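Remarks on the overall topology
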Amino acid sequence: MDSEKPNGCPLHGGGAAAQSLVGRLLAEVVASWHVYGGGDLAGPLDVWLIDDRGATVHVTTGSDECLIVEESEPHTGYDMGDSGRVTVGAIGNETPFADHIGESILAVREEHEPNTGRVALELSFPRGRVRCELGWGPPSDPDVMILVWLV
């Protein structure tokens, strides 16, 4: 394991330093959602936190059950044929981050597992906090790994 990033995912590495989010003003949140048939949205699969200076932090699930935090721009949606499609766009009230747009991130706390790396990320705002964890999709799409939000 890399001694500089001991909590990094063995497959994806350590990603961006989550502590770099502290002091940023959350200006916008973009998310991706899996849509299968005419069913409900599964997800979010990805969330991009955009600060007031335009810097973007991407939070997503890794294929090995880690939570990836990296600096990258939102991608566009795409068609997956018989498996549905992924849509990408600004969130409405679909995630608890919506309640904190316009607020500064006061603190960040992470949880790690020895074999998978980061498994949870908690961000504190002046009016509450949001915790990101890994979870599985709805019964109609149980094989999709999604982000789970706790407030």
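Before reading on, note that the structure itself is shown above.
Residues numbered from 1 in each chain as written. Predicted model: local features only at pLDDT ≥ 70, side-chain atom pairs only at ≥ 80, totals over all residues. Heavy atoms only, no water.

**Examining the nonpolar core**
The line we're drawing: Buried Ala, Val, Leu, Ile, Met, Phe, Trp, Tyr and Cys residues form a nonpolar core when they are joined through side-chain atoms within 4.5 Å. Classification of residues uses two cut-offs on accessible area relative to the type maximum, computed with a 1.4 Å probe and protein chains only: under 20% is buried, over 50% is exposed, and between them is partly exposed. Helix and strand assignments follow DSSP, with helices taken as H or I runs no shorter than four residues and strands as E runs no shorter than two, numbered in order from the N terminus. The contact criterion used is simple: two residues touch if any of their non-hydrogen atoms lie within 4.5 Å.
In this structure, V29, F97, V108, L121, L123 and F125 are the most contacted members of the largest nonpolar core, which totals 22 residues. Of all the elements in the fold, those that place two or more residues in this core are β1 (26-35), β2 (41-51), β3 (56-61), β4 (67-70), β8 (117-125) and β9 (128-136). Discounting chain neighbours no more than four positions away, the residues touching L121 are A18, V59, L67, V69, V108, R109, E110, V130, R131 and C132.

**Structural notes on the packing of aromatic side chains**
Condition: Side-chain rings of Phe, Tyr and Trp, where Trp is taken by its six-membered ring, are said to pair if the distance between their centres is within 6.5 Å; with planes under 30 degrees apart they count as stacked, over 60 as edge-to-face, and otherwise as tilted.
Per the counting criterion, the structure on display carries 1 aromatic pair. Judged by centre distance (6.4 Å) and plane angle (80 degrees), the rings of F97 and F125 are edge-to-face. A residue pair is termed long-range when its members are at least 10 positions apart, and F97 in the loop between β6 (85-90) and β7 (107-113) and F125 in strand β8 qualify at 28 residues. Judged by relative accessible area, F97 falls into the buried class, the value being 1%.

**A word on the side chain of H58**
What counts is decided by this rule: Each polar contact in these results corresponds to two N or O atoms within 3.5 Å; when the atoms are within protein, one needs to be able to donate a hydrogen and the other to accept it, and residues that are neighboring in sequence are counted only if both atoms are side-chain atoms.
On the secondary structure map, H58 appears in strand β3. Residue classification places H58 among the buried positions, given a relative accessible area of 6%. Here D46 takes part through its side chain, which lies 2.7 Å from a polar atom of the side chain of H58. If sequence neighbours within four positions are ignored, H58 has contacts with D46, V47, W48, I68, V69, E70 and S72.

**Re the pattern of salt bridges**
Test applied: For salt bridges, the criterion is a side-chain nitrogen of Lys or Arg within 4 Å of an Asp or Glu carboxyl oxygen.
A complete count under the given rule lists 10 salt bridges for this structure. Two residues, E103 and R127, come together in a salt bridge whose shortest N-O distance is 2.4 Å. Taken as a pair, E103 in the loop between β6 and β7 and R127 in the loop between β8 and β9 lie far apart in primary sequence, 24 residues in all. In this structure, E122 and R131 form a salt bridge, with 3.8 Å as the shortest nitrogen-oxygen distance.

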